[in-house]
Amino acid sequence: MPVSFRNVTFLLPHINDVSSATWSVTWSDINADGRPDLYVNNHADEAPMLFLSWGDRHFGRGQALDLGKDVHAAVWADYDGDGFPELLERVGGGAGVGHSERRASNNLFEFEGGRLELADDNLGLAYPLTRGRGATPFDFNADGRLDVFLGAGVRPDGEAPATVMLQEPSGRYAADHDYFGTDMAGVFAMLPGHFDDDLSIDFAMFGRKGVEVLTHRGGSYQRTLLVPDDGSLTDFSVDDFNNDGRSDIWVSRALPFDQLARVDDRTLRFEMVGERGDASTDVVSFRTDGPVTLRTAPYNNRGPEKIVYGSESIAVDPVTGVRLYRWSEAVMGRPDALDEDGGRLLGVWYDPDTRLWHVEAGGGRRVSTSAMVESASAIQWAGYNGRDEAAEQHDLLFLGQKGGTFRETRPVASAPATSVASGDFDNDGDVDVYAVVTGGAGNLVNRLYLNDGHAGFSAVSGAGRAPGPARGIGAPRQAPTSTTTAGSTCSCRTAAAPPRSSLTANTRSIRTPVAATGGST
């Protein structure tokens, strides 16, 4: 029977209680009944939810956790050594400065009396003020006790950076900022592996610099930049993809503006974000000979207050939209209002020299919105900020070589993956890859790539399908450039019409890999 995934969200109707801004999905058998339970967090809106399994893919209504906003990675592990898993939920942001000591940036939950209860911080894991991102439980110093790497965004004052929390004999954790002997500021996620020829553990990191490798040699770590952050990196996974005994690194890529869907040849949908002040904004360009109709829908009341078009910044209602003609003088020239701090705007104009239409988010305030362009003629998308889509949207696979070097390959055809997870999905002994492609614009299809055992991958038609927008797949997505922390606040991309979480089941494999963590900045 060919491997594929089937949408079984109808078996978990309460999952629709979780909002579109879901950045982490993870599971564990927290009540020791032999069935994996599901935890789906949020990022900015509704509360995270715990769903207890009833068996046969059915889950009970979830328990909501009151964590406020700006919730990031969630990781199950036995942090206190009592033989039962606890949930570490990371909190970040705080408008760029982290949270006060009255609100921990890490929240540890224990399962008691059929519910998750917030545990006292007697383990020292709270780490106040940090801009929490990812977390990696691992015995870093090989002393038999569990330690935790805590990824973090950068605070303006440099406080509470990414660090390793080493567990002491007493059971408490203490931060060791110098454990790797290098500045860990801006590292969001970390995964272990074997990248050279010795038996020591090495690490791959994902952060504001890109994807880096820490190779353990002679009692210290050598840091190497593998893939610089060029604005296209979205996620990474470490596994032995070619069965040679060395760890390899899969890096998923997409444009910073990765949410575009072609509904048909005359309709485009896309998600846009405009930033505060001097930060960059999204500009989408396309070409069509027919009249253009542009309209938009706001996300969580943060959408544009109006659409402006032409050099005179003529304003229209964003929901009703506007119909424009390329031969009209009124649409010539970029709207001046886009450079003013005059409200949340979406601007559109036509350039007769290049024969391109441009749509830009701006107005001096943050905009998170989707837009739809319709035309009486075929629409040709010309890119984002002058960048070509196909040139950016291919994943990279770095195969480990002797001496700790890597050989770069392009394992699959172009696909704007926002999150990846590796595992043996078809039970043939080789590591496969599932890529989340669906995004805020909707109408995109996730992909399943099966491995031939030698790092040769082929996409299974329809196998990874998931309806509607999605964000993560229990994978350590931490920091695409569109959500880096260079600005004063989290600039996270979210869908305009809030999509809901969904659950898919593997219809071939009798076992699936345990999920890691998901997250974003």
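These lines cover the structure that appears in this document, whether it is placed above or below. (Residues numbered from 1 in each chain as written. Predicted model: local features only at pLDDT ≥ 70, side-chain atom pairs only at ≥ 80, totals over all residues. Heavy atoms only, no water.)

A closer look at the overall build of the protein
Thought 1: Helix and strand counts for the protein come out as 1 helix and 39 strands.
Thought 2: The proportion of buried residues among the 521 residues of the protein is 58%. (Helix = DSSP H or I, 4+ residues; strand = E, 2+ residues; numbered from the N terminus. Buried < 20%, exposed > 50% of the residue type's maximum accessible area, 1.4 Å probe, protein only.)

Section: the packing of aromatic side chains
Thought 1: Tallied over the entire structure, the rule returns 20 aromatic pairs.
Thought 2: Ring geometry for Tyr350 against Trp357: centres 5.0 Å apart, planes inclined by 55 degrees, an arrangement best described as tilted.
Thought 3: What makes Tyr350 buried here is its relative accessible area of 5%.
Thought 4: When the ring of Phe425 is compared with that of Tyr434, the centres are 6.4 Å apart and the planes differ by 55 degrees; the resulting orientation is tilted.
Thought 5: What makes Tyr434 buried here is its relative accessible area of 4%.
Thought 6: One aromatic cluster is present, built from ring pairs that chain together Phe138, Phe140, Tyr179, Phe180, Phe203 and Tyr221. (Phe/Tyr/Trp six-rings, centres within 6.5 Å; stacked < 30°, edge-to-face > 60°.)

Comments concerning the sheet that holds strand E21 (residues 248-253)
Thought 1: As summarised here, the arrangement of the 4 strands in space is E20-E21-E33-E34, forming an open sheet in which the pairing is antiparallel. In this open sheet, the two edge strands, each paired with only one partner strand, are strand E20 (233-239) and strand E34 (406-409). Direction aside, the axes of adjacent strands within the sheet are offset by 20 degrees on average.
Thought 2: The pairing of E20 with E21 spans 6 bridges and is classified as antiparallel. In the strand pairing of E21, Phe236 is matched with Val251. (Pairing = 2+ DSSP bridges. Axes fitted to C-alpha atoms, helices over the stretch in contact; angles between N-to-C directions.)

A look at the nonpolar core
Thought 1: Core analysis: the biggest nonpolar cluster contains 24 residues, and Phe270, Phe286, Val348, Trp357 and Val359 have the highest contact counts within it.
Thought 2: Within the residue set of this core, elements represented by two or more residues are strand E23 (267-274), strand E24 (283-287), strand E25 (292-298), strand E26 (306-309), strand E28 (322-324), strand E29 (345-351), strand E30 (356-362) and strand E31 (367-375).
Thought 3: Leaving out residues up to four positions away in the same chain, Val348 has contacts with Leu294, Ile307, Val308, Tyr309, Gly310, Leu324, Pro335, Trp357, His358 and Val359.
Thought 4: Ranked by size, the runner-up nonpolar core spans 16 residues in total, among them Val211, Leu233, Ile249 and Phe398. (Core = buried A, V, L, I, M, F, W, Y, C linked by side-chain atoms within 4.5 Å. Contact = heavy atoms within 4.5 Å.)

Describing the pattern of salt bridges
Thought 1: This model, assessed by the stated rule, comprises 12 salt bridges.
Thought 2: Two residues, Arg217 and Asp196, come together in a salt bridge whose shortest N-O distance is 3.8 Å. Remark: Asp196 occurs in the loop between strand E16 (187-193) and strand E17 (202-207) and Arg217 occurs in strand E18 (residues 210-217); sequence separation between them is 21 residues.
Thought 3: The partner of Asp339 in a salt bridge is Arg334, with the nearest N and O atoms 2.8 Å apart.
Thought 4: Residues joined by salt bridges that share partners form a network here, namely Asp197, Asp244 and Arg246. (Salt bridge = Lys/Arg side-chain N within 4 Å of Asp/Glu carboxyl O.)

Structural notes on unusual backbone geometry
Thought 1: For Tyr127, which is not glycine, the phi dihedral falls at a positive 50 degrees.
Thought 2: With respect to the helices, strands and loops of the structure, Tyr127 is situated in the loop between strand E11 (115-118) and strand E12 (131-138).
Thought 3: With a phi close to 60 degrees, Arg355 is a non-glycine residue in the positive phi region.
Thought 4: Mapped onto the fold, Arg355 is located in the loop between E29 and E30.
Thought 5: The exposure class assigned to Arg355 is partly exposed, which follows from its relative accessible area of 41%.

Examining the sheet that holds strand E4 (residues 49-51)
Thought 1: Ordered by their spatial adjacency, 4 strands build an open sheet running E2-E3-E4-E7, and the pairing between neighbours is antiparallel. Looking along the sheet, the strands with just one partner apiece sit at the ends: strand E2 (25-28) and strand E7 (63-64).
Thought 2: Bridge analysis of E2 against strand E3 (residues 37-40) gives 4 bridges, and the strand direction is antiparallel. In the sheet register, Ser28 faces E3, and the bridge partner there is Asp37.

With respect to the pairing of E34
Each regular strand carries side chains that alternate between the two faces of the sheet.
Thought 1: Bridge analysis of strand E33 (residues 396-400) against E34 gives 4 bridges, and the strand direction is antiparallel. Paired with Gly400 across the bridge in E34 is Phe406.
Thought 2: Linking E33 back to E34 in an antiparallel pair, the connection comprises 5 residues, with Gly403 at a positive phi of about 80 degrees.

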